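Inside the fold
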Amino acid sequence: MESDRRSYGAVEDQRVIAPTEQGKEIDKKLDRHLNYEFGGPWGVTAMMTGFPLLMYYLWICLQFYDGQIVYPSSLGDVKPFILRMWGHVRDDATPTPYAFAIYSTFFFYQLLIAFIIPGYKQEGLPVPSLNYKTLMYNCNALGCFYTTVVTVACLHFSGTFRLTEVIDHFGEIMSVAMIYGFAVSFGAYFITVLRGQQIRMSGNFAYDVFMGAVLNPRIGSVDLKMWAEVRIPWNILFLISLAGASKQYDEYGYVTPNMWFMVLATFLYLNACCKAEECIPQTWDMFHEKWGFMVIFWNFAGVPFTYCYSILYMATHDPAKYKFSTLGYVALYATLLTAYYIFDTSMSQKSRFRMQMQGTYKIRWTFPQLPWGTIENPKYIQTAHGNRLLIDGWWKYARKPNYSADLVQSLSWALVVGTASPIPYFYPVFFITVLVHRCGRDFERCALKYGEDWEEYCKIVPYRFIPYVY
């Protein structure tokens, strides 16, 4: 390896990073379709069909079978079982005009305020497919979040629209969210192809709809991919937690510590995304992932209507079924706050490191700014590609420390109901599967991009996302 390919502090070299000619050649290769992922066309077709069916099934178990897994009692019961499942969807999840009004009003309100509320301007990473042009992002998620909270509070307390309606009409609204997911996925694909702006296409229709055709979808000042990643799923999740708390208060005259836990957990996650929105343009999701069904459907329907299972269970079941001891609550809250701290600071360390290397980092005073969120004089590996690999802060312990913390958070969201129902555990089980797969995708790409430098990096940081374990 070259002798100058070593780790050193940023204070020793203030040059702004840029890809070398070798790096540009590698980027050209990576910006082409190289191989099928997710099992190829058959695999993604199965997921596009299976995800909605799984969402309906888990909701039915939670809503109509006391939160327990149900299945045919015998071979002869298979057809009646399917008909029973269909009956629940037909009777309680038909996308009614009222459900369309609820979801559509929220959806287009989020889009409207994204256009009009002032925000922090952040320059993104150079985009190889745009000849290394950098895009500007209007980071106004925090102002939109506060505006949304005030708007919803006025609607709720005035009686115009009570949040409990979200719980009462959950199945119907979920169906509408799925329709939006499919419609926008196919719409984005066809519009992109008609404009000739597609990138990294495989030539297989189903696969390209799933992975997406467009990298940087925009309407004016709004980057649709970044907007959809935060404004839709996490706002809805937070509002569902408030709806669950309202439902409990109406039913029992108080809100359980378990439900308050979910209000806090969803708030922390949403607020983290909003207060540090300027870090999002530095992530894999913005820089490399295309805007297809995989991202769109999960943001519009999957995340908000599956990660909330513990909330939905608690909003419709006796609190005695999931009551903990004081020590249990202390442990649960402490676990959440610790995991959140690591998640928040590890994400900001990596994104701010990239900004430092690009020469675009500026302090943005949003609440809360946690200690160790920015690394002073970070250590890194200089690569032949031109980029630098961080080996400092949380990132010296694992290649994806944010995944470790995110996984613990997801597990705590299920543990909040204890053993009362297995359905909320879908989130952490699904999430660890996604993280392991995503690690593989990311590391395979990095190995191609950085070559021997990646091998050196893996020796320095041997663990993937669970230090000393995996």
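No experiment lies behind these values; they were computed from the predicted model shown.

1. With respect to the overall build of the protein chain
When helices and strands are tallied, the protein chain shows 18 helices and seven strands. Its C-alpha atoms give the protein chain a radius of gyration of 23 Å, within 12% of the compact-globule value 23 Å for 470 residues. Over its C-alpha atoms, taken along the principal directions, the protein chain stretches across nearly 65 × 50 × 50 Å. A total of 470 residues make up the protein chain; the buried ones form 56% of that total. The contacts in the protein chain between residues at least 6 apart in sequence include a share of 80% that link residues at least 24 apart. Put simply, the protein chain shows about 20,500 Å² of open surface, and 64% of that area lies on carbon and sulfur atoms. The centroid of the 39 positive side-chain charges in the protein chain is displaced by 3 Å from the centroid of its 37 negative side-chain charges.

2. Considering the UniProt feature "transmembrane region" (unreviewed entry) in the protein chain
The positions UniProt marks with the feature "transmembrane region" (unreviewed entry) are residues 42–65, 98–120, 141–161, 173–194, 252–270, 291–312 and 324–343. The annotated region residues 173–194 carries 100% helix and 0% strand content, and the separation between its end C-alpha atoms amounts to 31 Å. Overall, residues 291–312 shows 82% helix and 0% strand. The separation of its end C-alpha atoms is 29 Å.

3. What about empty space enclosed by the protein?
Here the structure, examined in full by the defined rule, presents four cavities of 30 Å³ or more. By volume, the largest cavity is sized at about 350 Å³. Taken together, 18 residues line the largest cavity, and the ones lying closest to its centre are Leu34, Asn35, Glu37, Arg200 and His288. For the lining of the largest cavity, the secondary-structure elements that each account for two or more residues are helix H8 (205–211) and helix H17 (426–450). The greatest single-element share of the lining of the largest cavity, amounting to four residues, is contributed by H17. Tallied by class, the residues present in the lining of the largest cavity amount to six nonpolar, three polar and nine charged. Taken as a whole, the second largest cavity encloses approximately 90 Å³ of empty space. Forming the boundary of the second largest cavity are 13 residues, of which Asn138, Ser221, Val222, Asp223 and Arg231 lie nearest the centre. Listing elements by their share of the lining of the second largest cavity, those giving two or more residues are strand E3 (136–139), strand E5 (222–223) and helix H9 (224–230). A total of three residues in the lining of the second largest cavity trace back to one element, the largest contributor, which is E3.

4. Remarks on the pairing of strand E6 (residues 379–382)
Pairing of E6 with strand E7 (residues 388–390) involves three bridges; the strand directions are antiparallel. Directly across from Ile381, in E7, lies its bridge partner Leu389. Hairpin connection of E6 to E7: five residues between the antiparallel strands, including Gly386 at a positive phi of 120 degrees.

5. A look at the packing of aromatic side chains
Under the counting rule described, the total for this entry stands at 48 aromatic pairs. Their ring planes at 50 degrees and their centres at 4.9 Å tell us that Phe107 and Tyr180 sit as a pair that is tilted. Highlighted residues: Phe107 in helix H4 (residues 97–116) and Tyr180 in helix H7 (residues 170–195), separated in sequence by 73 residues. Tyr180 gets classed as buried once you look at its relative accessible area, which sits at 13%. Geometrically, the ring pair formed by Tyr463 and Tyr468 is tilted, given 5.2 Å between the ring centres and 55 degrees between the ring planes. Members of the aromatic cluster, connected to one another through ring pairs, are Phe51, Trp234, Tyr269, Trp298, Tyr307, Tyr309, Phe343, Trp413, Phe426, Tyr427, Phe430 and Phe431. In this arrangement the basic side chain of Lys350 is found over the ring face of Trp395, its NZ or CZ atom lying 4.1 Å from the centre. In this structure, Arg399 packs its charged tip against the face of Phe443, placed 5.2 Å from the ring centre.

6. Some remarks on the layout of surface pockets
Approximately 550 Å³ is the volume attributed to the second largest pocket. If you go around the second largest pocket, you meet 25 residues; those closest to its centre are Val214, Pro217, Arg218, Leu224 and Trp291. Secondary-structure elements contributing two or more residues to the lining of the second largest pocket are H4, H7, strand E4 (218–219) and H9. Top element by residues in the lining of the second largest pocket is H7. It accounts for seven residues. Class assignment for the residues of the lining of the second largest pocket results in 17 nonpolar, six polar and two charged.

7. Some remarks on the packing of helix H2 (residues 40–64) against helix H13 (residues 293–306)
Put simply, H2 and H13 touch, their axes get as near as 11 Å, and they point 10 degrees apart. Judged by the inter-axis angle, H2 sits roughly parallel to H13. Contact residues: Met48, Phe51, Pro52 and Met55 in H2; Phe293, Phe297, Trp298, Ala301, Gly302, Phe305 and Thr306 in H13. Its residues placed into classes, the contact of H2 with H13 shows nine nonpolar, two polar and no charged.

Conventions used here
Residues numbered from 1 in each chain as written. Predicted model: local features only at pLDDT ≥ 70, side-chain atom pairs only at ≥ 80, totals over all residues. Heavy atoms only, no water. Helix = DSSP H or I, 4+ residues; strand = E, 2+ residues; numbered from the N terminus. Rg over C-alpha atoms; globule rule 2.2 N^0.38 Å. Buried < 20%, exposed > 50% of the residue type's maximum accessible area, 1.4 Å probe, protein only. Contact = heavy atoms within 4.5 Å. Areas by Shrake-Rupley, 256 points an atom, 1.4 Å probe, with all protein chains shown as cover. Lys, Arg positive; Asp, Glu negative; His and termini not counted. Charge placed at Lys NZ, Arg CZ, Asp CG, Glu CD. UniProt positions renumbered as here; feature names shortened; annotations may be inferred. 1 Å grid on protein atoms, 1.4 Å probe; cavity = no way out; pocket = protein on both sides within 12 Å on 5 of 7 lines; lining within 4 Å. Points joined across faces, edges and corners; volume = space filled by probe spheres on them. Nonpolar A, V, L, I, M, F, W, Y, C, P; charged D, E, K, R; others polar. Pairing = 2+ DSSP bridges. Phe/Tyr/Trp six-rings, centres within 6.5 Å; stacked < 30°, edge-to-face > 60°. Lys NZ or Arg CZ within 6 Å of the ring centre and 35° of its normal. Axes fitted to C-alpha atoms, helices over the stretch in contact; angles between N-to-C directions. Parallel < 35°, antiparallel > 145°, perpendicular 65-115°, else oblique.

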